[in-house]
Amino acid sequence: EADIYQTPRYLVIGTGKKITLECSQTMGHDKMYWYQQDPGMELHLIHYSYGVNSTEKGDLSSESTVSRIRTEHFPLTLESARPSHTSQYLCASSEWTRLGSYNEQFFGPGTRLTVL
Amino acid sequence: AQSVAQPEDQVNVAEGNPLTVKCTYSVSGNPYLFWYVQYPNRGLQFLLKYITGDNLVKGSYGFEAEFNKSQTSFHLKKPSALVSDSALYFCAVRDMRGAGSYQLTFGKGTKLSVIP
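Structure report, in brief. Source: prediction; values computed, not measured. (Residues numbered from 1 in each chain as written. Chains lettered and ligands numbered in written order. Predicted model: local features only at pLDDT ≥ 70, side-chain atom pairs only at ≥ 80, totals over all residues. Heavy atoms only, no water.)

1. Observations regarding the overall build of chain B
Our working rule: Secondary structure elements follow DSSP: runs of H or I no shorter than four residues count as helices, runs of E no shorter than two count as strands, and numbering proceeds from the N terminus. Only the C-alpha atoms count toward the radius of gyration. The rule for a globule is 2.2 Å times the residue count to the power 0.38. Exposure categories follow from relative accessible area, calculated using a 1.4 Å probe and restricted to protein chains: below 20% of the type maximum is buried, above 50% is exposed, and the middle band is partly exposed. Should any heavy atoms of two residues lie within 4.5 Å, those residues are counted as being in contact. Only the protein chains shown count as cover for residues, and the accessible areas themselves come from Shrake-Rupley with a 1.4 Å probe. Under the counting rule used here, the positive set is Lys and Arg, the negative set is Asp and Glu, and His together with the chain ends is not counted. Taken as the charge centre is NZ of Lys, CZ of Arg, CG of Asp or CD of Glu, depending on the residue.
Secondary structure summary: chain B contains zero helices and twelve strands in total. The linear arrangement of helices and strands in chain B, starting from the amino end, is β-β-β-β-β-β-β-β-β-β-β-β. By the compact-globule yardstick of 13 Å for 116 residues, chain B fits well, its C-alpha radius of gyration being 14 Å. The principal-axis extents of the C-alpha atoms in chain B amount to approximately 45 × 30 × 20 Å. Across the 116 residues that make up chain B, the buried fraction comes to 50%. Considering only contacts in chain B between residues 6 or more positions apart, those separated by 24 or more positions represent 55%. Roughly 5,400 Å² of accessible area belongs to chain B as shown, and the carbon and sulfur atoms make up 49% of that amount. Of note, chain B has its 11 positive side-chain charges centred 6 Å away from the centre of its 8 negative side-chain charges.

Next up, the structure:
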């Protein structure tokens with residue numbers, strides 16, 4: 001089991017609330033990612049980071065924001081939640097080896113968000 | 001652009017029979033290919049990867065995958081299916097866009113159902 005944690009696992013919240021989804025990893029990986037996934041559907045990359053103070057937007061446009069102040073921590077924030085944000089959010093991390101080999105991404109258990 | 005196709009939304013197989021989950025890819029350079037499995041309400045778990053070397057890659061839980069460069073395929077296989085293999089399977093390819101890109105492009109997923 002990979003050492004990547006997400007909290008909360010489930011969140012039900014009202015429209016307009018500000019929320020932060022937490023993601024932490026203890027593997028020292030420099031690269032971290034956020035994906036959005038509707039149940040049983042494909043993953044869409046919404047944010048990624050190649051290291052501290054590095055954040056980029058992914059392929060799927062998202063109203064969320066992220067920060068990477070510490071290597072192990074990559075929180076995702078929604079300033080004003082809406083029903084359209086209802087989805088599962090998966091955090092992942094990976095490392096790059098000195099030989100240039102690409103290692104797999106390790107995934108957290110996910111946060112299932114419901115906005116009423 | 002890089003892409004992954006999983007042509008079957010669902011695969012049904014009887015317990016004890018061999019299983020195959022299909023994946024084809026399109027990349028500009030050498031492909032890095034991955035298979036992940038997702039159980040209900042969980043994150044993705046890494047099964048196996050192809051970076052270079054032998055075309056037959058062995059992974060976790062008795063799964064293996066065969067890389068075929070001429071057919072641009074990376075099908076997941078298991079000689080004898082178990083009911084506990086029932087899950088959602090994702091094929092992924094490393095996105096080669098840009099220098100130092102470490103993003104994965106995922107397929108839409110294939111739901112595997114193993115019938116007792």
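Now, onward.
2. Focus on unusual backbone geometry
Look at the link from Thr-7 of chain A to Pro-8 of chain A: it is a cis peptide, with omega at -10°. When you line up the elements, Pro-8 of chain A lands in the loop between β1 (4-7) and β2 (10-13). One non-glycine residue with positive phi stands out, namely Tyr-61 of chain B, at about 60°. Within the secondary structure layout, Tyr-61 of chain B lies in the loop between β7 (56-58) and β8 (64-68). The backbone phi angle of Thr-72 of chain B is positive, close to 45°, even though this residue is not glycine. Its location among the elements puts Thr-72 of chain B in the loop between β8 and β9 (73-78).

3. A closer look at the sheet that holds β1 of chain A
Residue and element names in this part refer to chain A. Our working definition: A pair of strands is treated as paired once DSSP finds two or more bridges between them.
If you trace the four strands from one edge of the open sheet to the other, you get β1-β3-β8-β7, paired in antiparallel fashion. The open sheet has two free edges, formed respectively by β1 and β7 (65-66), since each of these has just one partner strand. The pairing of strand β3 (residues 19-25) with strand β8 (residues 76-78) spans three bridges and is antiparallel. Each bridged residue has a counterpart across the sheet, and for Thr-20 the counterpart in β8 is Thr-77.

4. Section: the state of the cysteines
The bond known as a disulfide is covalent and runs between the sulfur atoms of two cysteines. All names here are of chain B. Which entries qualify depends on this criterion: Only a pair of cysteine sulfur atoms within 2.5 Å qualifies as a disulfide here.
Inspection of the entire model under this criterion finds two disulfides over all chains. In this model, Cys-23 is linked to Cys-91 through a disulfide, with the two sulfur atoms separated by 2.0 Å. Its torsion about the S-S bond being -65°, the disulfide of Cys-23 and Cys-91 is classed as left-handed. You can see Cys-23 sitting in the loop between β3 (19-21) and β4 (24-26) and its partner Cys-91 sitting in strand β10 (residues 87-94), a full 68 residues away along the chain. Looking at Cys-23, the relative accessible area reads 0%, which means it is buried. On the accessibility criterion, Cys-91 (0% relative accessible area) is buried.

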